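# Residue-level structural notes
In case you want the letters, here they are:
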Amino acid sequence: MNILLMGLPGAGKGTQSEQIARDYEIVHISTGDIFRQAIKDETPLGLEAKAYTDRGDLVPDDVTNGLVRERLSQDDVKARGFMLDGYPRTKVQAEALEENLETLNTQIDAVILIDVDAEVLKGRLSGRIICRDCGATYHKIYNPPQEDGVCDNCGSHDFYQREDDKPERVAHRINLQMESIRPILDYYNQRGLLHKINGEQSIEEVYREIRTILEK
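Cut-off values and rules
Residues numbered from 1 in each chain as written. Predicted model: local features only at pLDDT ≥ 70, side-chain atom pairs only at ≥ 80, totals over all residues. Heavy atoms only, no water. Buried < 20%, exposed > 50% of the residue type's maximum accessible area, 1.4 Å probe, protein only. Helix = DSSP H or I, 4+ residues; strand = E, 2+ residues; numbered from the N terminus. Arc of directions from axis to C-beta. Contact = heavy atoms within 4.5 Å. Polar contact = N/O pair within 3.5 Å; in protein donor to acceptor, adjacent residues only side chain to side chain. Axes fitted to C-alpha atoms, helices over the stretch in contact; angles between N-to-C directions. Parallel < 35°, antiparallel > 145°, perpendicular 65-115°, else oblique. Left-handed = near helix turned anticlockwise from the far one by under 90°. Nonpolar A, V, L, I, M, F, W, Y, C, P; charged D, E, K, R; others polar. Pairing = 2+ DSSP bridges. UniProt positions renumbered as here; feature names shortened; annotations may be inferred.

Buried within helix α7 (residues 118–126) are the following residues: Ala118, Leu121, Lys122, Leu125 and Ser126. Looking straight down α7, one finds that the buried residues subtend no more than 110° of arc, so they occupy a single side. Lining the buried residues of α7 we find β5 (128–131) and α8 (167–190). Of the residues that open α7, the one with a side-chain oxygen 2.9 Å from the backbone nitrogen of Glu119 is Asp117.

In the contact formed by helix α1 (residues 13–24) and helix α9 (residues 203–215), the axes pass within 11 Å of each other and the chain directions differ by 45°. What the angle tells us is that α1 and α9 run oblique. Considering only the axes of α1 and α9, their crossing is right-handed. Between α1 and α9, the residues in contact are Thr15, Gln16, Gln19, Ile20, Asp23 and Tyr24 and Ile203, Val206, Tyr207, Ile210, Arg211, Leu214 and Glu215, respectively. Of the residues belonging to the contact of α1 with α9, the class tally is 7 nonpolar, 3 polar and 3 charged.

This next bit is on the pairing of strand β4 (residues 110–115). Of all 6 residues in β4, 5 are buried, a share of seventy percent or more. As defined by bridge partners, strand β1 (residues 2–6) adjoins β4 across 4 bridges and the pair is classed as parallel. Across the sheet, Ile3 pairs through a bridge with Ala110, a residue of β4. Bridge analysis of β4 against strand β8 (residues 194–198) gives 5 bridges, and the strand direction is parallel. Bridging from a neighbouring strand, Ile112 pairs with His195 of β8.

Strand order in the open sheet formed by 5 strands is β2-β3-β1-β4-β8, and the pairing between neighbours is parallel. Whereas interior strands pair on both sides, the edge strands pair on one side only; in this sheet they are β2 (27–30) and β8. Strand-to-strand twist in this sheet, taken as the mean axis angle between neighbours without regard to direction, amounts to 25°. Packing of α9 onto the sheet brings it into contact with β1, β4 and β8, and relative to β8 it is tilted by some 160°.

Our focus in this paragraph is the sheet that holds strand β7 (residues 159–160). Taking strand neighbours across the sheet as the criterion, the 3 strands line up as β6-β5-β7 in an open arrangement whose pairing is antiparallel. Edge strands, defined here as strands with exactly one partner in the open sheet, are β6 (137–139) and β7. Where β5 lies against β6, 3 bridges are found, and the strand directions are antiparallel. Across the sheet, Ile129 pairs through a bridge with Tyr138, a residue of β6.

Moving on, we come to the UniProt feature "binding site: Zn(2+)" (unreviewed entry) in the protein chain. In this numbering, the UniProt entry assigns the feature "binding site: Zn(2+)" (unreviewed entry) to Cys131, Cys134, Cys151 and Cys154. A stretch of 24 residues holds the annotated residues, and the largest C-alpha distance among them is 8.7 Å, short enough that they meet in one place. For Cys131, the position within the fold is in strand β5. Setting aside its immediate chain neighbours within four residues, Cys131 contacts Ala136, Cys151, Cys154, Ser156, Asp158, Phe159 and Tyr160. In this structure, Cys151 sits in the loop between β6 and β7. Classification of Cys151 by relative accessible area gives buried; the value is 3%. Not counting residues up to four positions away in its chain, the partners in contact with Cys151 are Cys131, Cys134, Ala136, Tyr138, Ser156 and Phe159.

Two numbers describe how α7 lies on α8: the axes approach to 9 Å, and their chain directions differ by 135°. When the axis of α7 is compared with that of α8, the two are oblique. Seen along the crossing, α7 lies across α8 with a hand that is right-handed. Facing Ala118, Leu121, Lys122, Leu125 and Ser126 of α7, the residues of α8 in contact are Pro167, Val170, Ala171, Arg173, Ile174, Asn175 and Met178. Within the contact of α7 with α8, the residues separate by chemical class into 8 nonpolar, 2 polar and 2 charged.

And the structure:
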């Protein structure tokens, strides 16, 4: 079974991907993991990717597509199938993935989108706070300290918020990703592969819907 798991930041892909990989014993592949492993192994494409990241540049599609193709051709993926997380990010990458899978004589079985309203995502992502003394992470709404303003772990009153978690940064990031994901969703919808799940349900309910799709 080969699937793509998609969703905007904060939609809950991480939680659901762990359960899918465990229950269905398929290989969970993220582009971040592919990059890190290829750079560590000093493969030709890994070294090329490192040259871009060291300069602070985006890794071009042809390098990313090549790294994904290499990973998908490995024995564990052939034996167990895969779940791609964080790829493709553009329509060009989606088209390249389809070509690569044809070469490997396999295909995507389902594309699952965990769909969450943008305003809900902004609330999820902009509520994170961190204890400055011990690094414990909380959420103002979903996981606050037991006593308001006091770290459960060390008793500190000193909390801060990462720049990327501030509301204006979160809103900008979500808006950018919403624009980039639409053409990919249209691409897979036209192929009859796209399944949308309401990601505003409980974790258990979301996973129940995912299982229903995968069992088919």
